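What follows is each chain in one-letter form.
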Amino acid sequence: MDNVKKELLGLFPEELAAEMKTLGLPAFRAGQIFSWLHKGAGFDEMTNLSKELREKLKMQYIDQPVTVLSQKRSQLDDTCKLLYAMGDGNCVEGVLMHYHHGYTLCLSTQVGCRMGCAFCASTLEGCVRNLTAAEMMGEVLCASKMIPGDHISNLVLMGSGEPLDNYDEVMRFLRLVSHEKGLNIGLRHISLSTCGLVPKMYELAEEKLPVTLSLSLHAPNDDIRKQLMPVAKAYKMEDVLKACRNYIDKTGRRVIFEYALVDKLNSLPEHAAELASRLRGMQCHVNVIPLNSVEENALKGCDERAINRFMQELSDRHISVTRRREMGDDIDGACGQLRRKHLKGQEDAK
Ligand code: SAH
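Residues numbered from 1 in each chain as written. Predicted model: local features only at pLDDT ≥ 70, side-chain atom pairs only at ≥ 80, totals over all residues. Heavy atoms only, no water.

## Some thoughts on the pattern of salt bridges
Phase 1: For the coordinates displayed, the defined rule picks out 17 salt bridges.
Phase 2: The residue Lys81 makes a salt bridge to Glu93 at a minimum N-O spacing of 2.6 Å. Of this pair, Lys81 sits in strand E4 (residues 80-86) while Glu93 sits in strand E5 (residues 91-99), placing them 12 residues apart in sequence. Here the two residues Lys81 and Glu93 agree in accessibility, since each one is buried.
Phase 3: Between Glu258 and Arg324 there is a salt bridge; the shortest N-O distance is 2.7 Å. Pair noted here: Glu258 is in strand E12 (residues 255-261) and Arg324 is in the loop between strand E14 (321-323) and helix H12 (337-349), with a separation of 66 residues, a long-range link.
Phase 4: What makes Glu258 buried here is its relative accessible area of 2%.
Phase 5: Each of the salt bridges in this network shares a partner with another, and the network as a whole consists of Asp44, Glu55 and Lys58. (Salt bridge = Lys/Arg side-chain N within 4 Å of Asp/Glu carboxyl O. Helix = DSSP H or I, 4+ residues; strand = E, 2+ residues; numbered from the N terminus. Buried < 20%, exposed > 50% of the residue type's maximum accessible area, 1.4 Å probe, protein only.)

In C-alpha cells, the structure reads:
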C-alpha cells in the first residue's frame, strides 16, 4: 500500500524538520508541530497552524497513533489500568501507578510476547507485532492525559513484550521520551526490564543511556530457570550475570533482579542461599515479586511466611532485597491479563 500514513510522533526534531521541509514548511513550524505532538495534541488542536495546513497534514500523516479503549481504576489504591488501541485494531495494556514521589507508568513494547515464560499472561498467544516508537510515545501521552495538572515522572518497560526483542524502536523511544524538547522524562527514571537477551544487553550497555536495567531472573540456577523461562535454554545464567556485570561496569548503575516466587519451585531457603552466592559482590538489588496468579497456568504463589523467609535468607547474606508492592490487585494488574479478557470478550461475542 502506498497510502500508508507516516507516524510523526516517532521522529526526532531534526527528522521532523526534514519531513516538513518536503511540504515547504520552515524549521520553526516543524518545531511547533513537534511541541504539539509531544503534548499529546492532534492536528485539529494545533491552533497556531492554518486550517489549510492542518488539513494537509491530516491527509499524509498520523498525529496520535494510540487511543484509550478502556480504563479501570482500583478501589484499593490509585492505580489505573489502561487498555490502549492502536490504529490497526491491536491493543496493549498499561498501568499508571501513584506513588508518594509521583506517577509511574508501566508500558508495553510489543503486542503480545514471544518469550514464552510459564507464569506470564502476555505471552500466551505469542507476539503479534512490535510496537513502533510512536506508539510507545502514544501510550505515555494517553496516560498523561489521565492526570491533568500532574505528570508522569517514572517509566517502567514492564508491560507486554520483551523490550530487547524490539531493540531499535525501544532505543528510539527512550531517546524521544527523554528529549528536552518533548516530555523530558529523565533516563535515570526509566527502567528497562528484560528476560535476559545476552547479546542485546551488551549492545544496550554501549548506548550511553543511563536507564536502570531490570533483569527477570526468577531462579537461582539454570535447571529451575529453564522450567520457567524458555530463554534460559538459549543463554546460561552465568552468561546473563556476566552481561549484567558488564552493564554495571559500563554505566555505573546497579542492576535490579526481578524474582517472582513460585510455590516450592524457586522459593525455598536453599534457593535463596544459592541465589545469594551467585550474586555475591555484585552491585545489585533483588526485587521479590509475589506471583500474580494467571487463570491459564497452574503455577501457585507463596504464602506470606515463605515470602518473608526467602527475603530474610537473602538479607542475612547481605543481598539488598525489597518486595514489589502489589498494586491494583482488584483490577487484573498483572501483565497481559486485561488484554486477554478483552480478546476473550471479543471471542465470546462472535
Ligand atoms: N519481557 C520483559 C518485560 C515484561 S514482564 C521481562 O521479561 O522482564 C515484566 C515483569 O513481570 C518481569 O519480571 C516478568 O517476569 C514479570 N511477570 C510476568 N508475569 C508475572 C506474573 N504472573 N506474576 C509475577 N510477575 C510476572
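## A closer look at the site of the ligand
Phase 1: Lining the immediate surroundings of the ligand are 18 residues, of which Phe119, Ser193, Ser216, His218 and Asn292 lie closest.
Phase 2: At 3.0 Å from a nitrogen atom of the ligand is found a side-chain nitrogen or oxygen belonging to Glu162.
Phase 3: Taking Ser193, its side chain carries an N or O atom lying 2.6 Å from an oxygen atom of the ligand.
Phase 4: Within the complex, 96% of the 530 Å² of free accessible area of the ligand lies under protein.
Phase 5: Across the shell around the ligand, the residue classes break down as nine nonpolar, seven polar and two charged. (Near = heavy atom within 4 Å. Polar contact = N/O pair within 3.5 Å; in protein donor to acceptor, adjacent residues only side chain to side chain. Areas by Shrake-Rupley, 256 points an atom, 1.4 Å probe, with all protein chains shown as cover. Nonpolar A, V, L, I, M, F, W, Y, C, P; charged D, E, K, R; others polar.)

## What to know about the sheet that holds E5
Within a beta sheet, neighbouring strands are joined by backbone hydrogen bonds and run either parallel or antiparallel to one another.
Phase 1: Pairing within the open sheet is mixed, and its 10 strands lie in the order E3-E4-E5-E6-E9-E10-E11-E12-E13-E14. Taken across any chain shown, the strands that pair with only one partner, and hence form the sheet edges, are strand E3 (66-73) and E14. When strand polarity is set aside, the average angle formed by the axes of neighbouring strands in this sheet is 25 degrees.
Phase 2: Inspection of the sheet shows E5 paired to strand E6 (residues 102-106) by five bridges, in the antiparallel sense. Residue pairing for E6: Val95 is matched across the bridge by Cys106.
Phase 3: Contacting strand E11 (212-216) and E12, helix H9 (residues 237-251) crosses the sheet at an angle of about 145 degrees to E12. (Pairing = 2+ DSSP bridges. Axes fitted to C-alpha atoms, helices over the stretch in contact; angles between N-to-C directions. Contact = heavy atoms within 4.5 Å.)

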